[in-house]
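An overview of the molecular structure
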Number of protein chains: 4
Amino acid sequence: MKRGLTRAGLGDVGTNEQFIALAAAYGFQSVDLNAADLAEPERVESIRASLEQHGVELGSFSLNVEWRTTDEAFRAGLPLLAAAAAGAAALGCTRCCTYVLPATDALPAPFLAQATKRLRVVAQLLGAYGIRLGLEFVGPHHLRTRWQHPFLWTMDDTLTWIDAIGESNVGLLFDVYHAYTTGLAPAELERLSAHQIVHVHINDAPDVPVEEVLDNQRLYTGEGVIDAAAYLQALQRIGYNGPVAQEVLLPAPPTDAAKTLLERSKAGFDRVFAKAGLN
Amino acid sequence: MKRGLTRAGLGDVGTNEQFIALAAAYGFQSVDLNAADLAEPERVESIRASLEQHGVELGSFSLNVEWRTTDEAFRAGLPLLAAAAAGAAALGCTRCCTYVLPATDALPAPFLAQATKRLRVVAQLLGAYGIRLGLEFVGPHHLRTRWQHPFLWTMDDTLTWIDAIGESNVGLLFDVYHAYTTGLAPAELERLSAHQIVHVHINDAPDVPVEEVLDNQRLYTGEGVIDAAAYLQALQRIGYNGPVAQEVLLPAPPTDAAKTLLERSKAGFDRVFAKAGLN
Amino acid sequence: MKRGLTRAGLGDVGTNEQFIALAAAYGFQSVDLNAADLAEPERVESIRASLEQHGVELGSFSLNVEWRTTDEAFRAGLPLLAAAAAGAAALGCTRCCTYVLPATDALPAPFLAQATKRLRVVAQLLGAYGIRLGLEFVGPHHLRTRWQHPFLWTMDDTLTWIDAIGESNVGLLFDVYHAYTTGLAPAELERLSAHQIVHVHINDAPDVPVEEVLDNQRLYTGEGVIDAAAYLQALQRIGYNGPVAQEVLLPAPPTDAAKTLLERSKAGFDRVFAKAGLN
Amino acid sequence: MKRGLTRAGLGDVGTNEQFIALAAAYGFQSVDLNAADLAEPERVESIRASLEQHGVELGSFSLNVEWRTTDEAFRAGLPLLAAAAAGAAALGCTRCCTYVLPATDALPAPFLAQATKRLRVVAQLLGAYGIRLGLEFVGPHHLRTRWQHPFLWTMDDTLTWIDAIGESNVGLLFDVYHAYTTGLAPAELERLSAHQIVHVHINDAPDVPVEEVLDNQRLYTGEGVIDAAAYLQALQRIGYNGPVAQEVLLPAPPTDAAKTLLERSKAGFDRVFAKAGLN
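This one's a predicted model, so the numbers in the text were calculated from it and none came from an experiment.

**Structural notes on the side chain of R144(C)**
Residue and element names in this part refer to chain C. Considering the arrangement of structural elements, one finds R144 in helix α5 (residues 141-144). The buried charged residue R144 lacks any salt bridge, with E211 as its nearest oppositely charged partner at 8.1 Å. At 2.8 Å, the side chain of R144 forms a polar contact with the backbone oxygen of G139. With near-sequence residues (within four places) excluded, R144 lies in contact with P102, A103, G139, P150, W153, T181 and T182.

Listed below in structure tokens is the structure:
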């Protein structure tokens, strides 16, 4: 597995090129970027130069298509997605991810049907570039009732949906935060095959009752109550060898300097990876 | 379009062979049968003989696979479905139908995802035999709240789901009762292509507020407030030329003799077809 | 059915806007354009103004993705296809077409497998914009042996392939020239449903043995031996109501003025449509 | 990986129950059986008892549907396939395999299109039972020209076809004989993911020029020139942990006693597994 970073929780890490340099400086092997930054050939070339200079990989990019609302919004995003996929593929990236909220104001069944159609288009388009699509289930309890109807939030329901989408390049974005908040034991991962995991997020949760854990009050890796090492060991056992990217969602931008936060993140990864027996 | 019959609302019409003879005697051109009766070669041969003798077609058969509950139940039905499909195909039948309740005690989104997977298997299997699968949306208001969560009940949501299933041999079973109870104007049908309509049900509704129309208090064709002729004209305009089968769901078995009910049904079809300009 | 034009065989009909004006002037109701012209919003707006001014529709556009050669070439075309599809959809166009050569220098089976994957991506992407993909089988005998291995050239084999692609928005581009050169009787069309026909090409063939008919020695509509009216009648019977676009492939650019050729084309359509009982 | 057996090359190993007992006696952990034997519940119960008694698994069963010829033959096999899949699933089996001949008398492209449709149905049906479908590419040179047209025989072309089939439960049956005869280096396997390998066959080839290796003149495992250990090591590296079943096709039934052949097979597995560092 590769130590990875998203920008979430790191404050201002500057341009993509500066972010890549910082990641490398603190021992991270991959970064996740935004799709929009990959849709322009010149920016792709600049990112490529940084990645090569620092020996960092592009782990994943965020899906930039609006699959949740209108057909018009969905269609409007497809040319940009094609361009971003081309850019990502040129950088050797094979992952694109999006998240699935656990409740919705729409009727859930038609919403899932509509989303199934759209994500199939997305998966086909990404697949043409050798890119897989990761769907992130979202666990915190407060979000399950934040909108009118419950949607889905468990790993198993997400896997069922992935089967319904029916494209072989769709899998999970597995975030330890959502595993923790849905009560998913690490051993449950061992039912899976490595190819069902597209990407992994890591972070930590405060020591409050799990029902009270909020989505945007995450802790840095290794600083809370989640046994991230146990999840990583399970992923290791099934053969997952991709990036494990930190994502720390906070209620407000952090006040510490980026370097301080990177150092702290590195220390957390060091502890968790050591506990998991990963180097 | 062909005048068709289901057994619903006709009382005891006897064996399939007797039902076929009665249908012919009252000018009906097709009957709908149960899958179980098509899964045994000897029974298929007997039905074939009756159909040929009376010049009646097998319009459709009911899907005999449990796609709504457990994997075990679903799997258990597949060998019988394969056998029924083989029997139906041997009789020249190209339609198999199931209905979709408008509410569910399961979480709707995972339920739809699971059902999508299963109905895709069903559609693939039926497709191997040249058979299409019709999904019937169910409109009566009382059913929308009869189970814990709303599922789906409109034609458009059903069409979206059909797209999500993603098999070209899946379409609608269009029942005028559900069109009426969902407030679907006949002109809305003209947005469709003929191939999106697998089968049609006809019957009538009592003159009560539409929100109070109950699913099992249907009237015989042409005896209520539904403008069935207008729906048939719209179907005619888009080129639908398959069966239109009467389905009269009642709270208790009818007390009139089958022949009386068939005569009454014929009279209703005569009126509606004449009004629609169909012969 | 609508009288339509491609540029093929008309000489220099000028810009798209001039082509549209000319088409209207000679009673044509639709034109087919190139994808590249639809990928830029300003050009789309200009085309829209011309279409609206002259009451002409955009019938179809040519698929601008290289699905026959390398993955790199295929990928390179997808962003442009997304842009063209967006432009075409903005103009109300619902058809995109490509042709299938009857022989190949590649091993046919892997070539078809590869093409199946790619055309599925194309169909999914087009489908997001409400556009269907038409595959044109190509009949002239000389092309069947022009490359090392036979591929496919009959309507039925193309329909089988369309089923294998497995997307419900894929159908045939039916060209009377290829029907004629593959010996397909008009009555064979009556086995189809209207939705299986995405687009229609019309033209004519010289009075030589059918084995000697060359792909690029076509005649103008109604000037040769093809009974185009019989094909149009069959299409009418199954409910096809889309464009019928003239495509006259010639060994060299025509020397007559465009207006002369349009007049001639109009006269041919007049004869064929009259014979078919179409207005 | 698990040591497995097919009946091929073992002479008369008796009933399935006897075969299972013999396999266990010689240290094999799985056997492959015929679909027909799994379609009857009583036989399944008897096989289950034997498997449990001897601690042997059902590795795979042979696809019993005729996907290569007519629609009628294909349809006729589906009810039996459903029954066999139910039986296999009841025994915990997750693999069903078929082979792909490298040449065909049919036009290759339409043949592949037709087969794609049919194998998709098969895969969907198997998938409902949690069973994967393995396609075996067949390498010997003499078979590539035995029928009129070349079809496909390389691993990569087979993988492309698997993508074209488009069902996530379809993968390769990898036979070292076909790897050897197509010149596939063991390292090529490392491009794959474990889930792309459904099943593995092992055996050996005589020391003749590779172009002269015949499909039915195979040697017992470890007795010829194939470096089977190198293939197993590559499979190990990508995480394959399923059965490795011996399949020795011979020009005539072997004359040695089954026990002699089993002892010889065991010795071969001992050598190859030891060389590969597997236990």
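**Topic: the environment of I47(C)**
Residues and elements named next belong to chain C. In this structure, I47 sits in helix α2 (residues 41-54). For I47, a relative accessible area of 1% translates into the label buried. Taking the C-alpha atoms as reference points, I47 and N16, 31 residues apart in sequence, are found 6.9 Å from one another. Apart from the residues within four sequence positions on either side, I47 is in contact with N16, E17, I20, L33, D37, L38 and L91.

**Observations concerning the interface of chain D and chain B**
Each partner contributes to the interface: chain D provides 15 residues, whereas chain B provides 15 residues. Across the chain D to chain B interface the summed buried area is about 1,200 Å²; carbon plus sulfur atoms make up 67%. Considering only the side of chain D, the residues that lose the most area to chain B are R75(D), Q124(D) and Y129(D), jointly responsible for 42% of the buried surface there. Where chain D packs against chain B, one counts zero salt bridges. Inspection of the region where chain D meets chain B yields six residue pairs in polar contact (both at pLDDT 80 or more). At the level of elements, α3 (71-90) and α4 (108-128) of chain D are the ones that each hand at least two residues to the side of chain D that touches chain B. If you tally residues by element for the side of chain D that touches chain B, the top one is α3(D), at seven residues.

**Observations regarding the pairing of strand β10 (residues 243-246) of chain C**
Where a strand is regular, its side chains alternate between the two sheet faces. Residues and elements named next belong to chain C. Burial of β10 is two-sided: the residues P243 and A245 facing one way and the residues V244 and Q246 facing the other way are all buried. Direction of pairing for strand β9 (residues 197-202) relative to β10: parallel, over a ladder of three bridges. When the bridges of β10 are listed, H201 appears paired with A245. Assessed by its sense of winding, the connection that carries the chain from β9 through helix α8 (residues 228-237) to β10 is right-handed.

**Structural notes on helix α9 (residues 258-276) of chain B**
In this model α9(B) runs 26 Å from its N-terminal to its C-terminal C-alpha over 19 residues, within 8% of the 27 Å that 1.5 Å per residue would give. Downstream of α9(B) by a residue or two, G277(B) has a phi angle that is positive, lying close to 80 degrees.

**Observations regarding the relation of the copies chain A and chain B**
With an axial shift of 0.0 Å and an RMSD of 0.0 Å, the rotation relating chain A to chain B amounts to 180 degrees. The two molecules are tied by a two-fold rotation axis, judged by turn and shift. No C-alpha of chain A lies nearer the rotation axis than that of A109(A), which sits 2.4 Å from it. Taken together, the interface assignments show that 100% of the residues at the interface of chain A recur at the interface of chain B, consistent with an identical surface on both copies.

**A few points about the sheet that holds strand β4 (residues 95-100) of chain D**
All names here are of chain D. Strand order in the closed barrel formed by eight strands is β1-β2-β3-β4-β6-β8-β9-β10, and the pairing between neighbours is parallel. If you compare each strand with its neighbour and ignore which way they point, the axes differ by 30 degrees on average. Of the strand pairs in this sheet, strand β6 (residues 132-137) and strand β8 (residues 170-175) are connected by four bridges, and their pairing is parallel. Paired with G134 across the strands is G171, a residue of β8.

**Some thoughts on the pattern of salt bridges**
Going through the model one piece at a time under the given rule, you end up with 60 salt bridges over all chains. With a shortest N-O distance of 3.0 Å, R48(B) and E45(B) are connected by a salt bridge. Of the two residues, R48(B) and E45(B) are both situated in helix α2 (residues 41-54); the distance of three residues between them amounts to about one turn of the helix. The exposure class of E45(B) is partly exposed, given its relative accessible area of 41%. A salt bridge links D227(C) to K275(C), with the shortest nitrogen-to-oxygen separation between them at 3.2 Å. Of this pair, D227(C) sits in the loop between β9 and α8 while K275(C) sits in helix α9 (residues 258-276), placing them 48 residues apart in sequence. Through salt bridges with shared partners, a single network forms among D175(A), D215(A), R218(A) and E247(A).

**Description of the relation of the copies chain D and chain B**
Screw-axis analysis of chain D against chain B gives a translation of 0.0 Å along the axis, an RMSD of 0.0 Å, and a rotation angle of 180 degrees. Interface residue correspondence from chain D to chain B reaches 100%, placing this contact among same-surface, isologous pairings.

**Remarks on the packing of helix α8 (residues 228-238) of chain B against α9(B)**
All names here are of chain B. Two elements in contact, α8 and α9, have axes separated by 8 Å at closest approach and are oriented at 50 degrees. The pairing of α8 with α9 is recorded here as oblique in orientation. Crossing geometry of α8 relative to α9 is assigned as right-handed. Facing α8, whose interface residues are A228, A229, L232 and Q233, α9 presents V272, F273, K275 and A276. Classifying every residue of the contact of α8 with α9 gives six nonpolar, one polar and one charged.

**So, the interface of chain A and chain B**
Between chain A and chain B, the contact holds 22 residues from the first and 22 residues from the second. In total, chain A and chain B occlude about 1,600 Å² of area from one another, counting both sides; carbon and sulfur atoms represent 72% of this. Our enumeration of links across chain A and chain B arrives at two salt bridges. With its nearest N and O atoms 3.1 Å apart, the salt bridge here joins K117(B) to D163(A). Across the chain A-chain B interface, the total number found is six residue pairs in polar contact (both at pLDDT 80 or more). Elements with a minimum of two residues in the side of chain A that touches chain B: α4 (108-128), β7 (149-150) and α6 (155-165) of chain A. Looking at the side of chain A that touches chain B element by element, the count peaks at nine residues for α4(A).

**Quick word on helix α9 (residues 258-276) of chain D**
Residues and elements named next belong to chain D. Within α9, the full set of buried residues consists of A258, L261, L262, S265, G268, F269, V272, F273 and A276. An end-on view of α9 places all buried positions within 125 degrees of arc, on one side of the element. Residues K259, E263, A274 and K275 are exposed on α9 and point more than 90 degrees away from its buried face. Looking at the buried positions of α9, the neighbouring elements they touch are β1 (2-5), α1 (16-25), β9 (197-202), α8 (228-237) and β10 (243-246).

**A word on the UniProt feature "domain: Xylose isomerase-like TIM barrel" (unreviewed entry) in chain A**
Feature annotation in UniProt assigns "domain: Xylose isomerase-like TIM barrel" (unreviewed entry) to the following positions: residues 20-263 of chain A. Across residues 20-263 of chain A, the secondary structure splits into 41% helix and 18% strand, with the terminal C-alpha atoms separated by 15 Å.

**Focus on the sheet that holds strand β8 (residues 170-175) of chain C**
Residues and elements named next belong to chain C. Taking strand neighbours around the barrel as the criterion, the eight strands line up as β1-β2-β3-β4-β6-β8-β9-β10 in a closed arrangement whose pairing is parallel. Pairs of neighbouring strands in the sheet enclose a mean axial angle of 30 degrees, with direction left out of account. Its contacts with the sheet place helix α1 (residues 16-25) against β1 (2-5) and β2 (30-34), and it is angled at close to 160 degrees to β2. Contacts between α9 and the sheet are confined to β1, β9 and β10, with β1 contributing the most and set at about 150 degrees to the helix.

**Topic: the packing of aromatic side chains**
In this structure the tally under the stated criterion is 32 aromatic pairs over all chains. Relative to F269(A), the ring of F28(A) lies with its centre 5.0 Å away and its plane at 85 degrees, an arrangement referred to as edge-to-face. Taken as a pair, F28(A) in the loop between α1 (16-25) and β2 (30-34) and F269(A) in helix α9 (residues 258-276) lie far apart in primary sequence, 241 residues in all. We note that F28(A), like F269(A), is buried. An aromatic cluster is defined as three or more aromatic residues linked by ring pairs; in this entry it consists of W67(A), F111(A), F151(A) and W161(A). A cation over an aromatic ring shows up here: R218(B) above the ring of Y177(B), its NZ or CZ 4.4 Å from the ring centre.

**Notes on the pairing of strand β4 (residues 95-100) of chain C**
Residues and elements named next belong to chain C. Counting buried positions over the six residues of β4 gives five, a clear majority of the element. Strand direction decides the pairing type here: strand β3 (residues 57-62) and β4, joined by two bridges, are parallel. Across the sheet, the residue bridging to F61 is C96, located in β4. In this region the chain leaves β3, passes through helix α3 (residues 71-90) and returns to the parallel neighbour β4; the handedness of that crossover is right-handed.

**A short note on the nonpolar core**
Formed by 379 residues in total, the largest nonpolar core has its most connected members in W161(A), W161(B), W161(C) and W161(D). Leave out the neighbours within four places in its chain, and W161(B) touches A113(A), W67(B), V100(B), L112(B), A115(B), T116(B), L119(B), L135(B), F151(B) and L152(B).

What counts, and at which threshold
- Residues numbered from 1 in each chain as written.
- Chains lettered and ligands numbered in written order.
- Predicted model: local features only at pLDDT ≥ 70, side-chain atom pairs only at ≥ 80, totals over all residues.
- Heavy atoms only, no water.
- Helix = DSSP H or I, 4+ residues; strand = E, 2+ residues; numbered from the N terminus.
- Buried < 20%, exposed > 50% of the residue type's maximum accessible area, 1.4 Å probe, protein only.
- Lys, Arg positive; Asp, Glu negative; His and termini not counted.
- Salt bridge = Lys/Arg side-chain N within 4 Å of Asp/Glu carboxyl O.
- Polar contact = N/O pair within 3.5 Å; in protein donor to acceptor, adjacent residues only side chain to side chain.
- Contact = heavy atoms within 4.5 Å.
- Buried area = accessible area lost by both parts, 1.4 Å probe.
- Pairing = 2+ DSSP bridges.
- Right-handed = clockwise from strand over helix to strand, strands pointing away.
- Expected span 1.5 Å × (residues − 1).
- Least-squares fit on C-alpha atoms with pLDDT ≥ 70 in both.
- Axes fitted to C-alpha atoms, helices over the stretch in contact; angles between N-to-C directions.
- Parallel < 35°, antiparallel > 145°, perpendicular 65-115°, else oblique.
- Left-handed = near helix turned anticlockwise from the far one by under 90°.
- Nonpolar A, V, L, I, M, F, W, Y, C, P; charged D, E, K, R; others polar.
- Arc of directions from axis to C-beta.
- UniProt positions renumbered as here; feature names shortened; annotations may be inferred.
- Phe/Tyr/Trp six-rings, centres within 6.5 Å; stacked < 30°, edge-to-face > 60°.
- Lys NZ or Arg CZ within 6 Å of the ring centre and 35° of its normal.
- Core = buried A, V, L, I, M, F, W, Y, C linked by side-chain atoms within 4.5 Å.

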